[in-house]
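What the coordinates show
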Amino acid sequence: MAMINIDSTFPPRLVLDQLSRNLTALLPLLSGLSDIIPKDTLLWKLKLLKSAAAYANSRLHAVKAEVLLLASGKDNMLPSGDEARRLWNSLQNCRARYFKDNGHTLLLEDGVNLLTIIKGALKYRLSSRRDYISDFLPPSMSEFRRAFEQQNGLLRFGASPIMFSTLENGNIVKGIAGVPNDGPVLLVGNHMLMGFEVGFFIEEFLREKNIVVHGLAHPELFLERRATPTDEFSFFDWTRIYGAVPVTASNLFKLLSKKSHVLLFPGGAREALHRKGEEYQLFWPDQPEFVRMAARFGATIVPFGVVGEDDIAELVLDYDDMMKIPFLRDHIKETNLNAVRARTGMTGEVANEDLFIPALFPKLPGRFYYLFGKPIEMKGRENELKNKENANVVYLQVKSEIERILSYLIKKREKDPYRGIIDRTIYRTLSAPPGQVPTFDL
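Each residue is numbered by its place in its chain's sequence as written, counting from 1. With pLDDT at 70 or above as the cut-off, local features in this predicted model cover only qualifying residues; side-chain atom pairs require 80 or more to be listed or tallied, and sums for whole chains, interfaces and linings still use all residues. Side-chain figures throughout are based on the complete set of non-hydrogen atoms in the structure, without hydrogens or water.

What about the pattern of salt bridges?
Any Lys or Arg side-chain nitrogen found within 4 Å of a carboxyl oxygen on Asp or Glu counts as a salt bridge. Enumeration according to the criterion identifies 22 salt bridges in this entry. Residue E66 is joined to R130 by a salt bridge in which the shortest nitrogen-to-oxygen separation is 3.9 Å. Within this pair, whereas E66 is found in the loop between α3 (39-57) and β1 (67-72), its partner R130 is found in the loop between α5 (114-120) and α6 (141-151), the two being separated by 64 residues in sequence. Across the pair R419 and E414 runs a salt bridge, and its minimum N-O distance is 3.2 Å. Salt bridges linked by common partners bring D310, D311, R413, E414 and R419 together as one network. Comment: elements are numbered from the N terminus, with helices defined as DSSP H or I runs of at least four residues and strands as E runs of at least two.

So this is what it looks like as structure tokens:
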């Protein structure tokens, strides 16, 4: 209570001074407590509270409603962490978020927003059934600042992402001006290792165009199968807040029908969790369904490529390596035993989407390079692309364009004098603020 009106940005000396004054102001209130609540009344209230708590606890197992528990790690008044664990074990349909660095007045503290937590935990919806598209609330400015300027700042400093796009006349320009502002737009490209590229992608479209890009993500990111009462607010919560939805045909249908900007990685988990020596290889299925879906809604397909994963980390243990180690093999098999498969009915390498966390060794950071190719208009081509062969021609056109973009970026980055973080840091110190470090000539 004494900390409520103290700004966390104050220097320690001012914080201690204000805290001392607040505690002193509370002392007279304590001496008058017995006049406000007589002893007998207080004992009666405590007895009543104990009886009511016992009654409620005996019926917790029957509660079927969805429950979201918020617990603090530094609550010095109540054991909220222990209470969250107790409720977690008693309630049937419960999720929890644990804030290890917050105190008793959790919702009054800086950096904690109840609506953000509710959205991240997928507890906000407009009806009894969850609809990832209609239930979506665009991120607020405070959420943008917290996600990208505070939490993502260090990664942005290290990777120094730079984006290019292609105009209608074929000219390549810095920025994303070549990507249409009006939807529906389907952005199709390659996954880098662990999906490192996605956060910068979403950030740039919000910052430059004020457009929310809905990424089609693996369904397992939304299930929380291994949830615990000590789950913290995580990266996965932020992906939901910024519009990610499970990759299904119905969700793609709904997004394109609403003229949204949609981000699709046909390579999926297999591409994001590739093996050693497979950097920048595409692992696409042989089904051109996204082409026909785009044609149905007259969407614009924008192929893109991104490189840079090999400049920030080295893959030490990949899937093949881990499957040769007994305890890691058993763990991967157990983890994926009941996992949702996004590519049901497919065979071959593209169908191998076992989820795991590869072992990485960090490098002195290089740079991420993005290039959006020339937009491909699908408007007016619905009847033409109902034919599978015609759709497959467009599908291969998109795929070959992405491969061309990747080759272009890999070659051009060799001429970037500021590819390394040391050169960029020196340039920032002497010449420019972050985000304005030059690169290779176009």
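Looking at the side chain of S160
Structurally, S160 can be placed in the loop between α7 (153-159) and β3 (162-166). For this analysis, residues touch if any pair of their heavy atoms sits within 4.5 Å. The contact partners of S160, leaving out residues within four places of it in the chain, are L155, R367, F368, R424 and R428.

Considerations on the packing of helix α10 (residues 249-257) against helix α12 (residues 289-296)
The geometry of α10 relative to α12 is characterised by a closest axis approach of 10 Å and an angle of 30 degrees between their N-to-C directions. With respect to α12, the axis of α10 lies roughly parallel. Relative to α12, α10 is oriented so that their crossing is right-handed. Residues A249, L252, F253 and L256 of α10 lie in contact with α12, whose contacting residues are F290, M293, A294 and R296. The classification used treats Ala, Val, Leu, Ile, Met, Phe, Trp, Tyr, Cys and Pro as nonpolar, Asp, Glu, Lys and Arg as charged, and all other residues, Gly among them, as polar. Of the residues that constitute the contact of α10 with α12, the class distribution is 7 nonpolar, no polar and 1 charged. As a rule, the C-alpha atoms of each element are fitted with a line to give its axis, helices using only the stretch in contact, and angles between N-to-C directions run from 0 to 180 degrees. For classification purposes, an angle smaller than 35 degrees is called roughly parallel, one larger than 145 roughly antiparallel, one from 65 to 115 roughly perpendicular, and anything else oblique. Handedness of a crossing is defined here by the sense of rotation of the near helix relative to the far one, left-handed for an anticlockwise turn of less than a right angle and right-handed for a clockwise turn.

Examining the packing of aromatic side chains
Working definition: an aromatic ring pair is given by the centre-to-centre distance plus the angle between the planes. Two rings from Phe, Tyr or Trp (for Trp, the six-membered ring) form a pair when their centres sit within 6.5 Å of each other. Planes less than 30 degrees apart are called stacked, planes more than 60 degrees apart edge-to-face, and all others tilted. Applying the stated criterion across every chain yields a total of 22 aromatic pairs. With a centroid separation of 5.6 Å and an interplanar angle of 70 degrees, the aromatic rings of F235 and F236 are classed as edge-to-face. For each residue, the accessible area found with a 1.4 Å probe, counting protein chains only, is set against the maximum for its type, and the residue is called buried under 20%, exposed over 50%, and partly exposed in between. You can call F235 exposed: its relative accessible area is 56%. Given the relative accessible area of 38%, F236 is considered partly exposed. Aromatic pair F265 and F304: ring centres 6.0 Å apart, planes at 80 degrees, arrangement edge-to-face. Residue F265 is located in the loop between β8 (261-264) and α11 (268-272), and its partner F304 is located in strand β9 (residues 300-307); the two are separated by 39 residues in the primary sequence. Judged by relative accessible area, F304 falls into the buried class, the value being 0%. Here a set of aromatic residues connected by ring pairs shows up, and it is made of F201, F205, F265, F304, Y370 and F372. For a Lys NZ or an Arg CZ to count as sitting over a ring, it must be within 6 Å of the ring centre and within 35 degrees of the ring normal. Directly above the aromatic system of F283 lies the positively charged group of R270, at a separation of 4.1 Å from the ring centroid.

What to know about the environment of I357
By the element assignment, I357 lies in the loop between α14 (326-335) and β11 (359-362). On the basis of relative accessibility, which here comes to 65%, the residue I357 falls in the exposed class. Along the sequence, I357 and T300 sit 57 residues apart, while their C-alpha atoms lie 34 Å from each other. Ignoring any residue separated from it by four or fewer positions in sequence, one finds I357 in contact with M194 and M322.

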